[in-house]
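Structural description and commentary
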Amino acid sequence: MLDVLGNLERTHTCGELRETHVGQQVVLMGWVAKKRDFGVLTFIDLRDREGVTQVVLSEEDKGEAHAKAKGLRGEFVIAVKGEVVEREGTHNAKLATGGIEVHASEILILNDAKVPPFQLEVAGSENLADESTRLKYRYLDLRRPQLQHNIRMRAKAVAAIREYFDKRDFIEIETPILLKSTPEGARDFIVPSRIHSGKFFALPQSPQILKQLTMISGFDKYYQIARCFRDEDLRADRQPEFTQLDMEMSFPNRETIYREIQGMFNHVLRLIGVELPAEWPRLTHAEAMRRYGSDKPDLRFEMELQDLSDNLRGTDFAPFAETLKSGGEIKCIVAKGKADYSRKQTDELQEYVKRYGAGALAWIKVGDETTSSLLKVLGEKKIAQLVSTSAAEAGDIVLIVAGRKSVVAAALGALRNEIARRENLIDRSKYACLIVTEFPMFEHDEESDTYVAAHHPFTSPMDEDLELFKTAVNDPSQHHLLGQVRAKAYDAVINGYECAGGSIRIHQKDIQALNFKALGLSSEMARERFGFFLDALEYGTPPHGGFAAGIERTCMILCGTENIRDVMAFPKTASAQDLMMDSPGDVDTSQLNELSIKIAN
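Treat the numbers as computed from the prediction; the structure is a model and nothing was measured.

Under the criterion given, the structure shown has 14 aromatic pairs. Judged by centre distance (5.4 Å) and plane angle (20 degrees), the ring pair of F165 and Y223 falls under stacked. Here the residue F165 occupies a position in helix α4 (residues 145–167), and Y223 occupies one in strand β9 (residues 221–229), the gap between them amounting to 58 residues. The two residues F165 and Y223 agree in class, both being buried. Judged by centre distance (6.0 Å) and plane angle (45 degrees), the ring pair of F265 and W280 falls under tilted. Pair noted here: F265 is in helix α6 (residues 254–269) and W280 is in the loop between α6 and β11 (282–284), with a separation of 15 residues, a long-range link. In this structure W280 comes out as buried when scored by relative accessible area, which is 2%.

Next up, the structure:
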């Protein structure tokens, strides 16, 4: 029979007691993490969110309590009353409470527990149960100390963000969850209205328009910890619902926003004792892509991209000649000391770059006798030139990709990260931060042969590119120039993660209308989707800008994990399913009828 807690109150947590508490009578409550039965003595590791305390029960001293302890199993919930005693010669350095133990005089069994479907106490992530099982029983998985630490760190991070912005006179404003569908990025999650039959709300992909409206409303400085929703295709590092810090301010220039990005992240990373520079390094988007093949480069290691195009102009090797003739490029990275890569390893790397659209991966192994997959088609002299241009040394391997600029950047940028991961080139104790500036305002969609917003349709062009922007929009023969227009857009990058992104917004109605036109929206369509916002721009809209920072991404850095689900209490799978609640699921026909919805077969 289970016991009743009654008026008994906990005096201490299971991570609190030290030698200074020796001799005190205490009451602890928690879960049985482990039980070790030695006949006349029973040892219990009692766990709560603060830690573990060893409880000792002796048949000789406390017979009734000891007999009761014999029936305990893992994850039983108990209360323990007893005296704090110093451990003699058996201090456990692995526990903060390892210098003491509690000699129990009384135990209450507050609840029993089935045998868990997986082991909670394991050493190392490689010994964990498979993730699908842990997500199905997430409430048990969350009892693990590592996840407890992560979720608490997330709470501290959010508190630190609020502390930072409150001190800087920003106002926290909560914006609605049920909005109008204004598709401009990922797919919306649609919510049918029962009262207005045939009409629909949409869940916010971000509070973008609403935070701009707060600037039009005169609040000057706004922030929010906002829940966001995006119905995206399957991606391992994304979730259909996530949280972001949303920030906006009036009358800023880009430097104003950079200071807030740097200040906020510097403040938050002090939670783990990391001191970032007051002013972060800067790279333009063009330079980041040229040097690293990525707009979020990990600067904790070297291995920059080197351009071999000039060395290979006039080559008879058809794949290279055709690439250069069509405006493509040929670039390489140098993996230091990896000339001993086997044929199997270079083949694996070749398959890896093919995922990013590359047709092939050529290589040069530099040594006393330099060898290359290109030796027969280029000859020794040209190979030597390529080695010199790449600054490779004896013992290095040069890895080469040819193709369209976007393909070369994507393939070599990803390969750079992959080699760093495989070869342990990343100093995990180091934190490298960066602000990437001057993003393209538009990206060319090759399938539709149209230009789409690289950031979102409310991003302002660079002042220097404003006339170019107007020409490209208004003159159909110059439409291709949209690809050259730079935006007042920027990202914050830490350790290769895009942690925040933002821009200075368009605040003038004619420029906003021009941007909609550039994106292929007729004035009627723009009015239908964004009429309320276009109207608002006519009532004295101040210049404004801001950024959004991913709470999950930030917490991944704070917690040292590469799995986004490790910093979310109740995440979805990569296929957007909740295995614990078995959702999405069916609903009653009566509910569908109320909403005037019929499911097509």
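Another point: the sheet that holds strand β5 (residues 100–111). Spatially, five strands are ordered β1-β2-β3-β5-β4 in a closed barrel, and the strand pairing comes out mixed. Averaged over all adjacent pairs, the angle separating strand axes in this sheet is 55 degrees, with direction ignored. One ladder, built from seven bridges, connects strand β1 (residues 25–37) with strand β4 (residues 77–86); its direction is antiparallel. Directly across from L28, in β4, lies its bridge partner V80.

What follows deals with helix α11 (residues 375–390). Between its first and last C-alpha, α11 extends only 16 Å over 16 residues, short of the 22 Å set by a 1.5 Å rise per residue. Along its length, α11 shows its largest kink, about 70 degrees, at K381. What α11 keeps buried is the set L378, I383, L386, V387 and S390.

Below, the discussion takes up a nonpolar patch on the surface. Residues F38, V40 and L41 make up a contiguous nonpolar surface patch of roughly 280 Å² in combined accessible area. Relative to the elements of secondary structure, F38 occurs in the loop between β1 and β2 (41–48).

On to the pairing of strand β13 (residues 329–335). Among the seven residues in β13, seven count as buried, and that is most of the element. Burial along β13 is two-sided: the face carrying E329, K331, I333 and A335 and the face carrying I330, C332 and V334 are both buried. As paired elements, strand β12 (residues 306–307) and β13 share two bridges and run antiparallel to each other. Bridge pairing links D307 to K331 in β13. Note that β13 and strand β16 (residues 397–403) share seven bridges and pair antiparallel.

A few words on the state of the cysteines. Throughout the structure, instances matching the rule amount to zero disulfides. C555 supplies the cysteine sulfur nearest to C228, a cysteine that is in no disulfide, at a spacing of 15 Å. Its relative accessible area of 0% is what places C228 among the buried residues.

With that settled, consider the sheet that holds β13. Read across the open sheet, the five strands follow the order β12-β13-β16-β14-β15; overall the sheet is antiparallel. A strand with exactly one partner marks an edge of an open sheet, and here the two such strands are β12 and β15 (371–372). Summarising the sheet, strand β14 (residues 362–365) and β15 pair through two bridges and their orientation is antiparallel. Within β15, the position partnered with K365 by the bridge is T371.

Attention now goes to α6. Compared with an ideal rise of 1.5 Å per residue, which puts 16 residues at 22 Å, α6 spans 23 Å between its outermost C-alpha atoms and is within 8% of the ideal. One side-chain oxygen at the N-terminal end of α6 lies 3.0 Å from the backbone nitrogen of E255; it belongs to N253.

Let us look at the side chain of T97. With respect to the helices, strands and loops of the structure, T97 is situated in the loop between β4 and β5. In this structure, T97 is in contact with C14, G15, E16, L17, R18, V52 and T53, ignoring residues within four places of it in sequence.

Turning our eyes to something else, we now look at the packing of helix α13 (residues 466–474) against helix α14 (residues 509–518). Between α13 and α14, the least distance of the axes is 9 Å, while the angle of their chain directions is 50 degrees. Between α13 and α14, the angle falls in the class oblique. Seen from above, α13 lies across α14 with left-handed handedness. Touching L466, F469, K470, V473 and N474 of α13 are I511, L514, N515, K517 and A518, all from α14. Among the residues making up the contact of α13 with α14, the classes are represented as six nonpolar, two polar and two charged.

What follows deals with the pattern of salt bridges. Within this structure, the stated rule accounts for 47 salt bridges. Measuring nitrogen to oxygen at the nearest pair gives 4.0 Å for the salt bridge that ties R282 to E279. Assessed through its relative accessible area of 29%, R282 is described here as partly exposed. On the basis of relative accessibility, which here comes to 56%, the residue E279 falls in the exposed class. For the salt bridge of K338 with E423, the shortest nitrogen-to-oxygen distance reads 3.1 Å. Linking K338 in the loop between β13 and α10 (343–354) with E423 in the loop between α12 (405–422) and β17 (433–437), this pair joins segments that are 85 residues apart in sequence. Of the residues examined, E423 reaches a relative accessible area of 22% and is grouped as partly exposed. Through salt bridges that share partners, R47, E75, E121 and R143 make up one connected network.

Criteria and thresholds
- Residues numbered from 1 in each chain as written.
- Predicted model: local features only at pLDDT ≥ 70, side-chain atom pairs only at ≥ 80, totals over all residues.
- Heavy atoms only, no water.
- Phe/Tyr/Trp six-rings, centres within 6.5 Å; stacked < 30°, edge-to-face > 60°.
- Helix = DSSP H or I, 4+ residues; strand = E, 2+ residues; numbered from the N terminus.
- Buried < 20%, exposed > 50% of the residue type's maximum accessible area, 1.4 Å probe, protein only.
- Pairing = 2+ DSSP bridges.
- Axes fitted to C-alpha atoms, helices over the stretch in contact; angles between N-to-C directions.
- Expected span 1.5 Å × (residues − 1).
- Bend = angle between axes of the 7 residues up to and from the residue.
- Patch = residues over 30% accessible without salt bridge, like charges linked within 9 Å, V, L, I, M, F, W, Y side chains within 5 Å.
- Areas by Shrake-Rupley, 256 points an atom, 1.4 Å probe, with all protein chains shown as cover.
- Salt bridge = Lys/Arg side-chain N within 4 Å of Asp/Glu carboxyl O.
- Disulfide = S-S within 2.5 Å.
- Polar contact = N/O pair within 3.5 Å; in protein donor to acceptor, adjacent residues only side chain to side chain.
- Contact = heavy atoms within 4.5 Å.
- Parallel < 35°, antiparallel > 145°, perpendicular 65-115°, else oblique.
- Left-handed = near helix turned anticlockwise from the far one by under 90°.
- Nonpolar A, V, L, I, M, F, W, Y, C, P; charged D, E, K, R; others polar.

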